[in-house]
Amino acid sequence: MTCPLCATDGGLVVARAPKFRVVRVVDGDEARRFPAFYRLIWATHVAEFSDLSVTDRHACMEAVTGIERVLRSLLSPTKVNLASLGNVVPHLHWHVIARFEGDSHFPAPVWAAAQRDTVPALARPLAEVDAAIAQSLASATRTLG
């Protein structure tokens, strides 16, 4: 069985670092309902966070934190959801999702049933958010080595 995160980018690539890439989800219902839905995808095929070295775990979480900070700074979401499940695709990836009080599922998780058919209006264009994430991760990658 081919891993979809090894075979494809998994979304619109926003940033690439030697050990991971960050994509924005642009296809399907998730992209429509949650426009600021990002994934950090580890470059090598590992299933669990604990498979990474201490240094790599630190770099991974610093990157997730950087994405979250950009989303909070530019979009002022009600909450940012972080998740690493991997039940369907056992390739290490983190979901980083800006959530808004009026979104279709709030306050339930994004994988629950929709409570309404609304899509949040964003404070900034997604291209601007993508660029800020790329810049933030480029700075962090230089710092972490």
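Here's a quick rundown of the structure. Keep in mind that this is a model prediction, so the values were computed, not measured.

1. Quick notes on the overall build of the protein
Logical step 1: Along the protein, the regular secondary structure elements total 4 helices and 5 strands.
Logical step 2: The secondary structure elements of the protein, listed N-terminal to C-terminal, are α-β-β-α-β-α-β-β-α.
Logical step 3: Relative to a compact globule of 145 residues, whose C-alpha radius of gyration would be 15 Å, the protein shows 15 Å and is just as compact.
Logical step 4: Considered along the principal axes of its C-alpha atoms, the protein spans approximately 40 × 35 × 25 Å.
Logical step 5: A total of 145 residues make up the protein; the buried ones form 42% of that total.

2. Side note on unusual backbone geometry
Residues apart from glycine generally show negative phi values, whereas peptide bonds are mostly found in trans.
Logical step 1: For the peptide bond that leads from Phe106 to Pro107, omega is 5°, which places it in the cis range.
Logical step 2: Position of Pro107 relative to the elements: it lies in the loop between β5 (93-99) and α4 (126-144).
Logical step 3: In this model, Ser76 sits at a positive phi of 45°, which is unusual for a non-glycine residue.
Logical step 4: Structurally, the position occupied by Ser76 is in the loop between α3 (54-75) and β4 (79-83).

3. Comments concerning the nonpolar core
Logical step 1: In terms of nonpolar packing, the biggest core is built from 29 residues, with Val22, Tyr38, Leu40, Ile67, Leu71 and Ile133 touching the most fellow members.
Logical step 2: Breaking this core down by element, the ones donating at least two residues are β1 (12-16), β2 (20-24), β3 (37-42), α3, β5 and α4.
Logical step 3: Per element, the largest residue contribution to this core is 8 residues, and it comes from α3.
Logical step 4: What Ile67 contacts, discounting residues up to four positions off in sequence, is Val22, Tyr38, Leu40, Val96, Ile133 and Leu137.
Logical step 5: Grouped together as the second largest cluster of nonpolar side chains are 6 residues, Val25, Phe34, Phe37 and Ile97 included.

4. Overview of the pairing of β5
Logical step 1: In terms of burial, β5 is a largely internal element, 7 of the 7 residues being buried.
Logical step 2: Here β5 shows no split at all, with His93, His95, Ile97 and Arg99 on one side and Trp94, Val96 and Ala98 on the other all buried.
Logical step 3: Looking at chain direction, β3 and β5 are connected through 5 bridges and run antiparallel. Bridge assignment links Leu40 to a residue of β5, and that residue is Trp94.
Logical step 4: Of the pairings in the sheet, the one linking β4 to β5 comprises 5 bridges and is antiparallel in character. Counterpart to Lys79 in the pairing with β5 is Arg99.

Parameters and conventions
Residues numbered from 1 in each chain as written. Predicted model: local features only at pLDDT ≥ 70, side-chain atom pairs only at ≥ 80, totals over all residues. Heavy atoms only, no water. Helix = DSSP H or I, 4+ residues; strand = E, 2+ residues; numbered from the N terminus. Rg over C-alpha atoms; globule rule 2.2 N^0.38 Å. Buried < 20%, exposed > 50% of the residue type's maximum accessible area, 1.4 Å probe, protein only. Core = buried A, V, L, I, M, F, W, Y, C linked by side-chain atoms within 4.5 Å. Contact = heavy atoms within 4.5 Å. Pairing = 2+ DSSP bridges.

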